[in-house]
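Listed below are the residues making up each chain.
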Amino acid sequence: MANNCWNWVLIEGDNDTLDLLENRMKDYDKFNNLTDWTNHILGEERFDKEKDSPYDVVGTRWWDVDWDVMDRDNQSMTIQGDSAWGPVTHLMELLAKEFKLNILLEFDECGNDFGGYCKYGPDGIIEEHSVTYRQWMYEQDKHYFLELFKLDVEDSGLYEGMTLKEAKDDITEEYEYVDDITALEMNTLLENNLKQTT
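The rules behind each value
- Residues numbered from 1 in each chain as written.
- Predicted model: local features only at pLDDT ≥ 70, side-chain atom pairs only at ≥ 80, totals over all residues.
- Heavy atoms only, no water.
- Helix = DSSP H or I, 4+ residues; strand = E, 2+ residues; numbered from the N terminus.
- Rg over C-alpha atoms; globule rule 2.2 N^0.38 Å.
- Buried < 20%, exposed > 50% of the residue type's maximum accessible area, 1.4 Å probe, protein only.
- Contact = heavy atoms within 4.5 Å.
- Salt bridge = Lys/Arg side-chain N within 4 Å of Asp/Glu carboxyl O.
- Pairing = 2+ DSSP bridges.
- Axes fitted to C-alpha atoms, helices over the stretch in contact; angles between N-to-C directions.
- Parallel < 35°, antiparallel > 145°, perpendicular 65-115°, else oblique.
- Left-handed = near helix turned anticlockwise from the far one by under 90°.
- Nonpolar A, V, L, I, M, F, W, Y, C, P; charged D, E, K, R; others polar.
- Phe/Tyr/Trp six-rings, centres within 6.5 Å; stacked < 30°, edge-to-face > 60°.
- Expected span 1.5 Å × (residues − 1).
- Arc of directions from axis to C-beta.
- Polar contact = N/O pair within 3.5 Å; in protein donor to acceptor, adjacent residues only side chain to side chain.

A.B. asks: Explain the overall build of the protein chain to me, using residue names and the numbers behind them.
C.D. replies: The number of helices and strands found in the protein chain is 8 helices and 7 strands. Taking 2.2 N^0.38 as the reference for a compact globule, 198 residues should give roughly 16 Å; the C-alpha atoms of the protein chain span a radius of gyration of 21 Å, well beyond that estimate. Dimensions of the protein chain along its principal axes, counting C-alpha atoms only, are 65 × 35 × 30 Å. For the protein chain, the proportion of its 198 residues judged to be buried stands at 43%. The long-range fraction of contacts in the protein chain, counting pairs at least 24 apart against all pairs at least 6 apart in sequence, stands at 57%.

A.B. asks: Explain the pattern of salt bridges residue by residue, including any values.
C.D. replies: All told, the structure shown has 13 salt bridges when counted by the stated rule. Its salt-bridge partner being Glu-98, residue Arg-46 comes within 2.8 Å of it at the nearest N-O pair. A residue pair is termed long-range when its members are at least 10 positions apart, and Arg-46 in the loop between helix H2 (34–42) and helix H3 (54–57) and Glu-98 in helix H4 (residues 89–99) qualify at 52 residues. Judged by its relative accessible area of 33%, Arg-46 is partly exposed. Taking relative accessible area as the criterion, Glu-98 reaches 33% and is therefore assigned partly exposed. One salt bridge in this structure joins Asp-152 and Arg-134, with 2.6 Å as the shortest N-O distance. Taken as a pair, Asp-152 in helix H6 (residues 142–155) and Arg-134 in helix H5 (residues 133–140) lie far apart in primary sequence, 18 residues in all.

A.B. asks: Could you give me a rundown of the pairing of strand S6 (residues 114–121), with the residues and numbers involved?
C.D. replies: For S6, the buried fraction is high: 7 of the 8 residues fall into the buried class. With 7 bridges joining them, strand S5 (residues 102–109) and S6 adopt antiparallel strand pairing. Within S6, the residue paired with Asp-108 across the bridge is Gly-115. Where S5 folds back onto S6 in an antiparallel hairpin, the turn is made up of 4 residues, including Asp-113, whose phi is positive at roughly 60°. In this structure, S6 lies alongside strand S7 (residues 124–131), joined through 7 bridges in antiparallel fashion. Opposite Cys-118, over in S7, you have Glu-128 as the bridge partner. Here S6 hands over to S7 after 2 residues, the two strands then running antiparallel side by side.

A.B. asks: Can you break down the packing of helix H1 (residues 15–25) against H2 residue by residue, with the values?
C.D. replies: Two elements in contact, H1 and H2, have axes whose closest approach is 9 Å; the angle formed by their N-to-C orientations is 155°. Taken together, the axis directions place H1 and H2 in an arrangement best described as roughly antiparallel. Between H1 and H2 the crossing geometry is right-handed. Where H1 abuts H2, its residues Leu-21, Arg-24 and Met-25 lie against Trp-37, His-40, Ile-41 and Leu-42. The residue makeup of the contact of H1 with H2, split by class, is 5 nonpolar, 1 polar and 1 charged.

A.B. asks: Tell me about the packing of aromatic side chains, and name the residues and values.
C.D. replies: Under the criterion given, the structure shown has 10 aromatic pairs. Measuring from ring centre to ring centre gives 5.8 Å for Phe-145 and Tyr-175, while their planes differ by 75°; the resulting arrangement is edge-to-face. Of this pair, Phe-145 sits in helix H6 while Tyr-175 sits in the loop between helix H7 (164–174) and helix H8 (180–197), and the two are 30 residues apart along the sequence. Taken individually, Phe-145 and Tyr-175 each receive the classification buried, so the pair is uniform in this respect. With 6.1 Å between their ring centres and 70° between their planes, Tyr-175 and Tyr-177 make a pair best called edge-to-face. The structure contains a cluster of three or more aromatic residues connected by ring pairs, namely Tyr-138, Phe-145, Phe-149, Tyr-175 and Tyr-177.

A.B. asks: Give a description of H6 that names residues and reports values.
C.D. replies: The end-to-end C-alpha separation of H6 is 19 Å, in line with the 20 Å expected for 14 residues at 1.5 Å each. Within H6 the residues assigned to the buried category are Phe-145, Leu-146, Leu-148, Phe-149, Asp-152 and Val-153. Looking down the long axis of H6, one finds its buried residues gathered within 160° of arc, a one-sided arrangement. Those residues of H6 that are exposed and aimed more than 90 degrees away from the buried face are His-143 and Asp-155. Its side-chain oxygen placed 3.1 Å from the backbone nitrogen of His-143, Asp-141 serves as the N-cap of H6. Just downstream of H6 lies Gly-157, where phi reads positive at about 65°.

This is how it looks when you write it as structure tokens:
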């Protein structure tokens, strides 16, 4: 069973190009594989499904786009959905180059412990940023990051059997990217939990 990777994509371009792209992308269910679907989006048989792996063409084996939550206006389209194991990086770079688009792809996958974003333009990759899942959650939403940490401390017994000093040292080393206020909140959660368990 694949680990689902969440993809959130903002595509910016002219209205006619976005119309074309949206119509072709929505034909996903008419194809048995991503390679043929990608050819359909491009409007030509560029890839051979017998020779070109969907991982090489798209970046993943499947992508379940949730069209019900698509957001669209004259200059942008936002789509999102799960893919298998990793993000749809190759497809987004291909679309940006082929259709002269600006694309922001954000992704995260907790099972394989990664998250981040890629920015693409008509010439390809502009910027890439990939970190651990927890760091990505911290960068996106510190409140949610603290909720995840609280679950670790309270429910998983992650720091069980450690002294308070050992646990704090572990936090300092593992979460070196957090700001001082977040680190203080993490230490408070840890102190409260370790007091309750001793």
